[in-house]
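So you can see what is in the structure, the chains are spelled out below.
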Amino acid sequence: MNADPTESLENEASLQLDANGRLRHLLTLDGLDKTLLTDILDDAQGYLTEPGVLPASSQSLAGRSVANLFFEASTRTRASFDLAGKRLGADVLNLDVNTSSRKKGESILDTIYTLEAMHVDIMVVRDASAGVPAYIARHVLPHVSILNAGESDVSHPTQGLLDVLTMRQHKGAFENLVVAIVGDISHSRVAMSAAHALTTLGIGELRLISPPVLAPDQSRVPGARLLHDLAEGLADADVVMALRIQRERIGNLDGIPGIDEYFANFGISRESMKLAKPDAIVMHPGPMNRGIEIESALADGPQSVITQQVTNGVAVRMAVLDRVGKTMAARL
Ligand code: CP
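Numbering of residues begins from 1 in every chain and follows the order in which that chain's sequence is written. In keeping with the predicted nature of the model, local features appear solely for residues at pLDDT of at least 70, side-chain atom pairs appear and are counted solely at 80 or more, and the whole-chain, interface and lining totals rest on all residues. Side-chain numbers come from the whole structure's heavy atoms, not from hydrogens or water.

Chemist: Hey, could you go over the nonpolar core for me, with residue numbers and the actual values?
Modeler: Within the largest apolar cluster, 61 residues are counted, with the highest numbers of intra-cluster contacts made by I122, L147, L161, V179, I181, L206 and L321. Examining the composition of this core, we find that nine residues originate from one element, helix α11 (residues 306-331), more than from any other. Whether two residues touch is decided by their heavy atoms; if any such pair falls within 4.5 Å, the residues are in contact. Apart from residues no more than four positions distant in its own chain, V179 is found in contact with M167, L198, I203, E205, L206, R207 and V239. Residues belong to one nonpolar core when they are buried, are Ala, Val, Leu, Ile, Met, Phe, Trp, Tyr or Cys, and are joined through side-chain atoms within 4.5 Å. Note on classification: 1.4 Å probe, protein chains only; a residue is buried when its accessible area is under 20% of the maximum for its type, exposed when over 50%, partly exposed between these limits. Listed in part, the 26 residues of the second largest apolar core include V178, V182, F266 and L298. A run of DSSP states H or I qualifies as a helix once it reaches four residues; a run of E qualifies as a strand once it reaches two. Both are numbered from the N-terminal end.

Chemist: Describe in detail the domain arrangement of the protein, supporting the description with residues and values.
Modeler: Note that the domain bounds were set by an automatic or database domain assignment. Per the domain assignment, the segments making up the protein are domain 1 (12-152 + 311-331) and domain 2 (157-301). Centre-to-centre separation of domain 1 and domain 2, based on C-alpha positions: 26 Å. The interface of domain 1 with domain 2 comprises 31 residues on the first partner and 22 residues on the second. Summed over both sides, the interface between domain 1 and domain 2 buries roughly 2200 Å², with carbon and sulfur atoms accounting for 62% of that surface. Buried area counts how much accessible surface, traced with a 1.4 Å probe, disappears from two parts once they are put together, with both parts' losses summed. On the domain 1 side of the interface with domain 2, the three residues burying the most area are L29, L41 and N312, jointly 28% of the side's total. Any Lys or Arg side-chain nitrogen located within 4 Å of an Asp or Glu carboxyl oxygen qualifies as a salt bridge. If you look at where domain 1 meets domain 2, you find three salt bridges. Polar contact criterion, stated in full: a pair of N or O atoms within 3.5 Å, where within protein one must be able to donate a hydrogen and the other to accept it, and residues adjacent in sequence count only if both atoms are side-chain atoms. At the boundary of domain 1 with domain 2, the tally comes to seven residue pairs in polar contact (both at pLDDT 80 or more). Considering each element in turn, the side of domain 1 that touches domain 2 owes the most residues, eight residues, to helix α2 (residues 34-46).

Chemist: Requested: an account of unusual backbone geometry, with residues and values cited.
Modeler: Here the bond from G286 into P287 is cis, since omega is -5°, no more than 30 degrees from zero. Within the secondary structure, P287 is located in the loop between β9 (281-283) and α10 (296-299). One non-glycine residue, H119, adopts positive backbone phi at about 65°. Note that H119 resides in the loop between α4 (108-117) and β3 (122-127). For D236, which is not glycine, the phi torsion reads 60° and is therefore positive. The residue D236 is located in the loop between α8 (230-234) and β8 (239-242) in this model.

Written out as structure tokens, the structure is:
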């Protein structure tokens with residue numbers, strides 16, 4: 001469902017940049033160019049003294065306010081935006097949606113206008129409906145930035161950035177990489193944002209592996225190979241990412257494999273990882289369902305970079321917050 005079906009999403013990509021090409025909103029990675037993506041990754045890397053080490057603090061957002069508006073559940077995205085804003089010196093407001101006036105029927109735009117009246121500068125938005133972040137971005141005051149923190153099955157741009165940063169830290173250039181993403185691709189905003197970023201960054205080969213019932217339309221991921229056989233998908237892969245089945249976005253579970261069948265055919269394990277390259281890394285955006293899409297021992301084993309993804313999430317969100325803050329400062 002779009003937030004407002006009368007409004008086209010066609011210009012979503014151009015909505016993100018100001019007249020001088022600076023990042024104003026981050027709604028999707030689709031349409032952002034390689035230079036901008038690489039600059040954000042470099043900025044994020046700059047906050048990390050070495051892989052896995054928490055970012056340093058800065059005061060670049062001192063005097064700014066950031067509101068986290070999560071109209072859908074989250075642990076790591078919300079916590080890392082909270083930490084990222086604080087590490088940049090911003091005042092950070094975490095709106096408790098369950099006790100907000102949204103529960104009394106207040107519209108999302110009235111919620112946004114209320115926060116604007118309190119001089120919130122950056123709003124971080126997660127919503128279960130497609131189109132909500134862009135809809136809000138079209139209605140906010142010129143100095144306010146909207147950051148998409150997860151939008152239905154459409155887009156999760158900061159997750160895509162932290163995923164490709166993690167790949168780059170371990171594998172360097174993208175040109176010769178084989179990346180295999182396994183699981184519920186059709187309902188995954190993580191897979192979509194990873195595909196957008198990897199395609200722009202010049203990935204060697206992107207494989208999206210799922211049961212046929214959980215495969216996306218090829219038109220959503222034009223640069224990827226869609227596969228339904230795990231062994232074929234993992235063969236000689238450099239990076240393997242598992243995704244959970246996103247039951248909250250699946251209306252009718254008919255035809256979705258049961259847990260045992262799913263793990264047997266699409267769960268990644270120490271055994272199935274023998275098909276990938278010996279130095280392949282294992283990723284998962286979280287939250288994990290151990291024993292369904294990933295063997296627990298693999299998630300905790302030496303190939304796993306899952307906790308590093310989480311650490312990188314703070315650095316990436318610092319980089320994005322800092323960048324839109326600089327865009328605001330340049331307007332003055
Ligand atoms: N990966 C991710 O978006 O996790 P959360 O739902 O916990 O934020």
